[in-house]
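# Structural features, examined
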Amino acid sequence: MSKIKIGVMGSVSDLGYSEEVERLAFKTGMEIAKMGAVLVFGIEPDADTLPTVAMRGAKTNGGITIGITVGKDKKVYNNDCPEIVICSGLGSDGGREYALAVSCDAIIAIGGGAGTLKEMANAYSADIPLIAIKGTGGWSNKLIGQYMDDRKRLVVIGADNASEAVTIALHKAEKYREKFGIL
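Let us look at the structure shown here. Computed from a predicted model, the values in this text were never measured in an experiment.

Positionally, Tyr 147 belongs in the loop between α5 (138-143) and β7 (157-159). In sequence terms Tyr 147 and Thr 52 are 95 residues apart; their C-alpha atoms lie 27 Å from each other. Non-local contacts of Tyr 147, meaning those with residues more than four positions away in its chain, are made with Tyr 124, Lys 152, Arg 153, Leu 154 and Val 155.

Note: most peptide bonds trans; most residues except glycine with negative phi. At Asp 127, a residue that is not glycine, the phi angle is positive and equals roughly 65°. Its location among the elements puts Asp 127 in the loop between α4 (114-125) and β6 (130-133). If you check the backbone angles, Lys 152 has positive phi at about 55° while not being a glycine. Structurally, the position occupied by Lys 152 is in the loop between α5 and β7. Judged by its relative accessible area of 54%, Lys 152 is exposed.

This structure, assessed with the given rule, holds one aromatic pair. Each ring, one from Tyr 176 and one from Phe 180, has its centre 5.1 Å from the other, and the planes form 55°; the classification is tilted. You can see Tyr 176 and its partner Phe 180 sitting in helix α6 (residues 162-180), four residues apart, about one turn around the helix. Tyr 176 sits in the buried class, given a relative accessible area of 12%. We note Lys 142 situated over the ring of Trp 139; from NZ or CZ to the ring centre the distance is 4.7 Å.

This part is about the state of the cysteines. Using the criterion set out here, one finds zero disulfides in the structure. The cysteine Cys 81 is free of any disulfide, with Cys 87 supplying the nearest cysteine sulfur at 9.8 Å. A relative accessible area of 27% places Cys 87 in the partly exposed class.

About the cut-offs
Residues numbered from 1 in each chain as written. Predicted model: local features only at pLDDT ≥ 70, side-chain atom pairs only at ≥ 80, totals over all residues. Heavy atoms only, no water. Helix = DSSP H or I, 4+ residues; strand = E, 2+ residues; numbered from the N terminus. Contact = heavy atoms within 4.5 Å. Buried < 20%, exposed > 50% of the residue type's maximum accessible area, 1.4 Å probe, protein only. Phe/Tyr/Trp six-rings, centres within 6.5 Å; stacked < 30°, edge-to-face > 60°. Lys NZ or Arg CZ within 6 Å of the ring centre and 35° of its normal. Disulfide = S-S within 2.5 Å.

So this is what it looks like as structure tokens:
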């Protein structure tokens, strides 16, 4: 059976997240690795992000991390490289966000701007479970407890902390994989 892939989506540093939210992202990555799942995220060439912070956390626990780039450039901000870099060949106009979202078995959102919203909408359309950590700002806070449209495919589940978010994500990912026959 292949490993469960948990996506971490969230704010880029120019959105001004707090040190507390940054620590939460780091802990989320640590928890994903501790539970034996793979962390998937969008890697940026020119800015730090909460997903990159989560990747650092996963690496401290020996976790496997996959970063999906914009375009075909393998440049990674601050040479902070995951174990696996996938060049999407796609732009940041929504193409990379789609590839990133549908590569996951569940997604944890932390804060987030327009890119995170695109990733969450793509996951929603593909029935991929969405978990958002409460109190982190951005689209995560706005969408907790909400459906993204009138189809009511799945609600965005709120989590109080990193450990709870990962526990929920793993449970929902297992159900998602069962539903779609993913081994």
